[in-house]
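# Structural characterization, general
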Amino acid sequence: MERRLRGLLLIAIFGSMTACSDPNAVASSTDIATIPAATAPAAPSVSAATIPADASLVGTIVIDGSSTVFPITEAITSQFQQQAPNVHVQLGVSGSGAGFKKFCLGELTIADASRPISSEEIQQCAANTIEFIELPVAFDGISVVVNNSNTWVECVTTDELKRMWEPAAEKTITRWKQIRPGWPDEELKLEGPGVDSGTYDYFTSAVVGTEHLSRSDYTGSEDDYLIVQDIISNRYALGFFGYAYYREFQDQLKVLAIDAGHGCVKPNEQTIADGSYQPLARPLFIYVRKDALARPEVSTFVETYLAHASQAVANVKYVPLTPNVAALVRARAQQQKTGSVFGGKLQIGVSIEQLLNLEENR
């Protein structure tokens, strides 16, 4: 069966087991159940040397948050369950913002996030005495895509994207030709993540100039697969989501190059990793509660995640961390360094390596 359906089966099994053993566990997200299994890609695997199952590891790990990070965590969970069959891992997809809200209320063990934690969320965690460890796990390039039959655009400037998405465009910029005169006099159908999404936050900050601010008359969803299907079915649609979702459907979608003032650059493994795909290259994260790391099943899960992240990330078609950044992240986990190197802000175009090195040298 295909990856998404396998993911749903895992969630259903682990979720039901969790519900029996942990009355405080959070139910798996209804958003996951709405993803059409028939359109989902094949399940990625994380190959590794055979590790004997450890029956002594027991407990429940509750994870929720970013739909962008979900495929990575799903792949790692599959590997971990072979190692720890008696640990119940409950996965959910509610968006980075909703995930952080649950995390800072103490409802999650780990939050998947496609953006750094905000200053407001840091305060919410502190108010509930939740200490956390921020762990970058991959690179991503938010991909701006159109229907495969779109013949009039290959590259779009950041200024043109802003004119499409800024609040002033609402019910005003509604046709392609309003952006560029040579484009068709047809409806501009905009698709994107919902407002609880970290991808939405990052895109609006990078393109509109203010985080969490855009026109509201677009079709939004926390389910990236629904956005994909809408764009595939509408010749005049334009949308954005994580690079892996474009890669999975690249035979049915057309990705646009972005011109941020230095020429047109398309997202690919090289341009995302070296940061030349600006301003939409970004890191992806997991956030782990420090108190939870005292539990053997959680510390083992995090060790498994970081040990196999590079392969899992490549399998699900994101971009692995460079060896130096990966080493810095492992050191951060081992030393249990709490807090965020981003200072509660989205820092567009800033290297993770620079930030981690600055913290390391404090």
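Below is a short write-up of the structure. Everything numeric in this text was worked out from a predicted model, so none of it was measured. (Residues numbered from 1 in each chain as written. Predicted model: local features only at pLDDT ≥ 70, side-chain atom pairs only at ≥ 80, totals over all residues. Heavy atoms only, no water.)

The next thing to look at is the pattern of salt bridges. Evaluation of the coordinates by the stated rule reveals 13 salt bridges. Close ionic contact of Asp291 with Arg289 constitutes a salt bridge, the shortest N to O distance being 2.9 Å. What you see here is one network of salt bridges that share partners, running through Arg115, Glu121 and Asp201. (Salt bridge = Lys/Arg side-chain N within 4 Å of Asp/Glu carboxyl O.)

Let us now look at helix H4 (residues 96-104). Of all nine residues that make up H4, eight are buried, and the element is covered over most of its length. The complete set of buried residues in H4 reads Ser96, Gly97, Ala98, Gly99, Phe100, Lys102, Phe103 and Cys104. Lining the buried residues of H4 we find strand S1 (59-65), strand S3 (110-113), helix H5 (119-127), strand S4 (132-141), helix H7 (198-208) and strand S13 (281-289). Two residues or fewer after H4 comes Gly106, characterised by a positive phi angle close to 85 degrees. (Buried < 20%, exposed > 50% of the residue type's maximum accessible area, 1.4 Å probe, protein only. Helix = DSSP H or I, 4+ residues; strand = E, 2+ residues; numbered from the N terminus. Contact = heavy atoms within 4.5 Å.)

Judged by how many residues are buried, strand S5 (residues 143-147) sits mostly within the fold: five of five residues are covered. Two strands pair when backbone bridges link them, and S5 and strand S9 (residues 237-241) are joined in this way by four bridges, in the antiparallel orientation. Pairing of Val144 across the sheet is with Phe240, part of S9. For S5 and strand S10 (residues 253-255), the ladder comprises three bridges, and the chain directions are antiparallel. Paired with Val145 across the bridge in S10 is Val255. (Pairing = 2+ DSSP bridges.)

This next bit is on the packing of aromatic side chains. Using the criterion set out here, one finds 17 aromatic pairs in the structure. With centroids separated by 5.1 Å and ring planes inclined at 85 degrees, the aromatic side chains of Phe80 and Phe301 adopt a geometry described as edge-to-face. Highlighted residues: Phe80 in helix H3 (residues 70-83) and Phe301 in helix H11 (residues 296-315), separated in sequence by 221 residues. For Phe80, a relative accessible area of 0% corresponds to the buried category. Between the aromatic rings of Phe285 and Phe342, the centroid separation amounts to 5.5 Å while the plane-to-plane angle is 85 degrees, which identifies the pairing as edge-to-face. Separated by 57 residues along the polypeptide, Phe285 in strand S13 and Phe342 in the loop between helix H12 (323-335) and helix H13 (352-360) bring together distant segments of the chain. For the pair Phe285 and Phe342, a shared accessibility class is recorded, and that class is buried. Put simply, the rings of Phe100, Phe132, Phe285, Tyr287 and Phe342 touch in pairs and so form one group of aromatic residues. (Phe/Tyr/Trp six-rings, centres within 6.5 Å; stacked < 30°, edge-to-face > 60°.)

With respect to the secondary-structure elements, Arg330 resides in helix H12. A relative accessible area of 38% places Arg330 in the partly exposed class.

Shape is all these values report; function is a separate question.
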